[in-house]
Amino acid sequence: MSRVMMRRKDRRKPSKPSLKAIWRTHIDDHPIGLAWSPDGKKLAVAGVSGPITLFNGADGVVQHKLPGHSLGTMAISWHKGSRLLASVGQDGKVRLWDTKTGTQTSEMAGGASWVERVAFSPAGDWLVSAAGRKLRLWNATGELSCEFPDANSTITDIKWRHDGKRFAVTAYNGVVLYGPTRAEPLRRFEWQGSSLTLEWSPDGKHIATGDQDSTVHFWLVESGQDLQMWGYETKVLELAWSFNSRYLATGGGTQAVIWDCSGKGPENTKPVMLEGHRDLIKHLKFQRRGMLLASGGKDGLLAIWKVEKKKSVLLVDAVFKAPIAGLAWSPDDRRIAVSDESGTLSIAAVQRL
């Protein structure tokens, strides 16, 4: 009897995943920034009109409402220690906030009327900001450490390498690499076009850029060789690497396009196309240490995919009332925060029924 029962159990279909709501709330604004603190205890949500709300990650209780930037907040970045939060905005300022007390600790001039990008280094010892063509480096207390030569056009993105020894900047004509100890560029990856966003692979060997001309560039950092992927419906603003640096997920249309970057790379290979959205994809996020990919679309659809070599499948989805404005996996990968353009903020966990 026990053998028969075991066989019957083995023949059952695997349980279907579901999204379990943990908490949901609403902010009276269009969310422009969404980020978990590195310890996963806080969730920061920046509204386009300026204020930044700090929530308790476990239950959604508001801990502090920071004034942010009077003319509008553009971006936020957490310090490794989870207490300090950096923000930039349309008032031309870079601000540092103590999230325990809810007070501002530093205010710095970004160098132009709008400061659009800000990023703490992985170790938290440096903070880099971009305002127009101005690129500035600060220490963790807000003291100016270096002002780099002006870029040849407006800086569109900044990302640190995993070890914090380099950061990459995109603008017209490609990618420029800098280090925190010298003002001159360390290296340039040039091409005639406008890159809008970039992502380092977690192992630091590759840089991918999403471009204005509906293409994706794939750079091999060591050799400087570049590949170009084309055929996208629109300009590419969405990029995400899997934690093992094997898969690169790209947007630029109604389908998530997955490139396998293992071995000799994606050249002359056919990508996996994930179909499910009825309108343009706006956000893509891989788990930090897992193979689940979240996609959020202009159609309000949140989709969770399992990405594998032989078959990538849709595990679970949910529909929001407005286009998805932001996605963020918690540091432990157990929860995902989702905001939509109406101000709805939802935290859920992917689980088996």
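What this report covers is the structure whose coordinates are included nearby. (Residues numbered from 1 in each chain as written. Predicted model: local features only at pLDDT ≥ 70, side-chain atom pairs only at ≥ 80, totals over all residues. Heavy atoms only, no water.)

Formed by 15 residues in total, the largest nonpolar core has its most connected members in Val128, Leu135, Ile158 and Phe167. Breaking this core down by element, the ones donating at least two residues are β11 (126–131), β12 (134–139), β14 (157–160) and β15 (167–178). For this core, the element with the most residues is β15, which contributes 4 residues. Each residue touching Ile158, except ones within four places of it in the same chain, is listed here: Arg117, Val128, Ser129, Ala130, Leu135, Phe167, Ala168 and Val169. (Core = buried A, V, L, I, M, F, W, Y, C linked by side-chain atoms within 4.5 Å. Buried < 20%, exposed > 50% of the residue type's maximum accessible area, 1.4 Å probe, protein only. Helix = DSSP H or I, 4+ residues; strand = E, 2+ residues; numbered from the N terminus. Contact = heavy atoms within 4.5 Å.)

With that settled, consider the packing of aromatic side chains. Counted according to the given criterion, the structure contains 7 aromatic pairs. Taking the centre distance of 5.6 Å and the plane angle of 20 degrees together, the rings of Phe167 and Tyr178 count as stacked. When its relative accessible area of 6% is taken as the criterion, Tyr178 is described as buried. What links up through ring pairs into an aromatic cluster is the set Phe148, Trp160, Phe167 and Tyr178. (Phe/Tyr/Trp six-rings, centres within 6.5 Å; stacked < 30°, edge-to-face > 60°.)

We now examine unusual backbone geometry. Positive phi outside glycine occurs at Asn173, with the angle close to 85 degrees. Tracing the sequence through the fold places Asn173 in strand β15. One non-glycine residue, Ser214, lies in the positive phi region at around 65 degrees. Owing to a relative accessible area of 17%, Ser214 belongs among the buried residues under this scheme.

This paragraph deals with the side chain of Asp29. Here Asp29 is to be found in the loop between β1 (17–26) and β2 (31–36). For Asp29, the side chain forms a polar contact with the main-chain nitrogen of Val48, separated by 3.5 Å. Leaving out residues up to four positions away in the same chain, Asp29 has contacts with Gly47, Val48, Ser49, Gly50, Pro51, Glu341, Ser342 and Gly343. (Polar contact = N/O pair within 3.5 Å; in protein donor to acceptor, adjacent residues only side chain to side chain.)

Here we take up the sheet that holds strand β16 (residues 187–200). Pairing within the open sheet is antiparallel, and its 6 strands lie in the order β14-β15-β16-β17-β18-β19. Looking at the sheet topology across the chains shown, the edges are occupied by β14 and β19 (226–229). If you compare each strand with its neighbour and ignore which way they point, the axes differ by 45 degrees on average. Examined bridge by bridge, strand β17 (residues 206–211) and strand β18 (residues 216–220) share 5 bridges and lie antiparallel to one another. (Pairing = 2+ DSSP bridges. Axes fitted to C-alpha atoms, helices over the stretch in contact; angles between N-to-C directions.)

A word on the side chain of Asp157. Mapped onto the elements, Asp157 comes out in strand β14. Engagement of the side chain of Asp157 in a polar contact is seen with the backbone nitrogen of Leu198, the distance being 3.0 Å.

Time to look at the environment of Asn139. Mapped onto the elements of the fold, Asn139 is located in strand β12. Residues in contact with Asn139, not counting those within four places in the same chain, are Asp125 and Trp126. At 2.8 Å, the side chain of Asn139 and the side chain of Thr141 are in polar contact.

This brings us to the pairing of strand β24 (residues 281–286). As paired strands, β24 and strand β25 (residues 292–297) are joined by 5 bridges and run antiparallel to one another. Bridge assignment links Lys285 to a residue of β25, and that residue is Ala294. Hairpin geometry of β24 and β25 is characterised by an intervening segment of 5 residues between the two adjacent antiparallel strands.

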